[in-house]
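Spelled out, the chains give:
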Amino acid sequence: MQYWLMKSEPEVFSMDDLSKVPREPWDGVRNYQARNFMKSMKKGDLAFFYHSNCKPPGIAGLMTIAKTAYPDYTAWDPNSPYFDEKSSEENPRWFMVDVKYKKRFKELITLDELKQEKKLADLPLVRKGNRLSIMPVTAQQWDYILSLSSFLPPKPS
DNA sequence: GCCAACGTTGGC
DNA sequence: GCCAACGTTGGC
């Protein structure tokens, strides 16, 4: 079992959006390092859902990797903003995984909070200039970040 | 909207 | 294989 952090701009796709669908293809990743991390994901891995480029940025909740990496077909669609003419069905350049909603935090754990935690100093997210949109999280970091959170109570059924 | 930091591209 | 130019990310 591995742990991850994955960024999305909430105006494009948010934790709330994820909670409304059974699963979601994590498309549009166009960075080799991030792609390689996705390729090493296994079904059942857990990931933090990070809201980026918003006020305030931070971790919104948890999701599960529901499907391992497969070709990102948005790269083949000339009408997609993620189109890349160098990726073909015969030789796909970009990959994606499917993710599934798990839990939403009662409150966002803000980037500001995370930066203040000495125990998270090695987390790429808080390091200056790091722009990786997908990064590994160690088990220790994962547990520590979870200890900072509280969850929304389950919906009454 | 600014811009630092970083990744990618392509000429040489 | 170097590196300048350019584009993007994403916090502020």
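Before going into details, it helps to say that this report is about the structure given with it.

Cut-offs used in this document
- Residues numbered from 1 in each chain as written.
- Chains lettered and ligands numbered in written order.
- Predicted model: local features only at pLDDT ≥ 70, side-chain atom pairs only at ≥ 80, totals over all residues.
- Heavy atoms only, no water.
- Pairing = 2+ DSSP bridges.
- Helix = DSSP H or I, 4+ residues; strand = E, 2+ residues; numbered from the N terminus.
- Contact = heavy atoms within 4.5 Å.
- Axes fitted to C-alpha atoms, helices over the stretch in contact; angles between N-to-C directions.
- Salt bridge = Lys/Arg side-chain N within 4 Å of Asp/Glu carboxyl O.
- Buried < 20%, exposed > 50% of the residue type's maximum accessible area, 1.4 Å probe, protein only.
- Near = heavy atom within 4 Å.
- Polar contact = N/O pair within 3.5 Å; in protein donor to acceptor, adjacent residues only side chain to side chain.
- Nonpolar A, V, L, I, M, F, W, Y, C, P; charged D, E, K, R; others polar.
- Arc of directions from axis to C-beta.
- Patch = residues over 30% accessible without salt bridge, like charges linked within 9 Å, V, L, I, M, F, W, Y side chains within 5 Å.
- Areas by Shrake-Rupley, 256 points an atom, 1.4 Å probe, with all protein chains shown as cover.
- Lys, Arg positive; Asp, Glu negative; His and termini not counted.
- Charge placed at Lys NZ, Arg CZ, Asp CG, Glu CD.

**Topic: the sheet that holds strand S5 (residues 95-110)**
Alright, step 1. Reading across from one edge, S2-S5-S4-S3-S1-S6 is the order of the six strands in this open sheet, with mixed pairing throughout. Two strands in the sheet have a free side with no partner beyond their single neighbour: strand S2 (24-25) and strand S6 (134-137).
Alright, step 2. Both strand S4 (residues 58-71) and S5 contribute to a ladder of 10 bridges, which runs antiparallel. By the bridge assignment for S5, lysine 67 is matched with aspartate 98.
Alright, step 3. Its contacts with the sheet put helix H4 (residues 139-147) on strand S1 (3-8), strand S3 (46-51), S4, S5 and S6, and the angle it makes with S3 is roughly 60°.

**Considering the pattern of salt bridges**
Alright, step 1. Counted according to the given criterion, the structure contains three salt bridges.
Alright, step 2. The residue arginine 104 makes a salt bridge to aspartate 16 at a minimum N-O spacing of 3.4 Å. Here the residue arginine 104 occupies a position in strand S5, and aspartate 16 occupies one in helix H1 (residues 15-19), the gap between them amounting to 88 residues.
Alright, step 3. For aspartate 16, a relative accessible area of 35% corresponds to the partly exposed category.
Alright, step 4. Aspartate 72 is the salt-bridge partner of arginine 30, the closest N and O atoms lying 2.9 Å from each other. A residue pair is termed long-range when its members are at least 10 positions apart, and arginine 30 in the loop between S2 and helix H2 (32-39) and aspartate 72 in the loop between S4 and S5 qualify at 42 residues.
Alright, step 5. The exposure class of arginine 30 is partly exposed, given its relative accessible area of 26%.

**Observations regarding the protein's contact with DNA strand C**
Alright, step 1. Taken together, Lys7, Tyr50, Ser52, Asn53, Pro57, Leu111, Lys115, Arg131 and Leu132 make up all the residues around DNA strand C.
Alright, step 2. Protein-proximal atoms of DNA strand C, defined as those within 4 Å of the protein, fall in sugar or phosphate at a share of 67%.
Alright, step 3. Within the backbone of asparagine 53, one N or O atom sits 2.9 Å away from a phosphate oxygen of DNA strand C.
Alright, step 4. Lysine 115 has a polar side-chain atom sitting 2.8 Å from a phosphate oxygen of DNA strand C.
Alright, step 5. Looking at the surface near DNA strand C residue by residue, the classes come out as four nonpolar, two polar and three charged.

**Topic: H2**
Alright, step 1. Regarding H2, the residues found buried are Ala34, Arg35, Phe37 and Met38. Along H2, the residues classed as buried sweep out an arc of 160° about the axis, all on the same side.
Alright, step 2. Tucked into the core, H2 has its buried residues touching S1, S4, S5 and S6.
Alright, step 3. At the N-terminal boundary of H2, the capping side chain belongs to asparagine 31, with an oxygen 3.0 Å from the backbone nitrogen of glutamine 33.

**Details of the protein's contact with DNA strand B**
Alright, step 1. Taken together, Asn31, Tyr32, Lys128, Gly129 and Arg131 make up the full set of residues adjacent to DNA strand B.
Alright, step 2. At 2.6 Å from a base oxygen of DNA strand B is found a side-chain nitrogen or oxygen belonging to arginine 131.
Alright, step 3. Considered class by class, the residues forming the surface near DNA strand B number one nonpolar, two polar and two charged.

**Things to note about a positive patch on the surface**
Alright, step 1. Together, Lys43, Lys100, Lys102 and Lys103 make up a region of like positive charge exposed at the surface.
Alright, step 2. Residue class for lysine 43 comes out exposed when judged on its relative accessible area of 65%.

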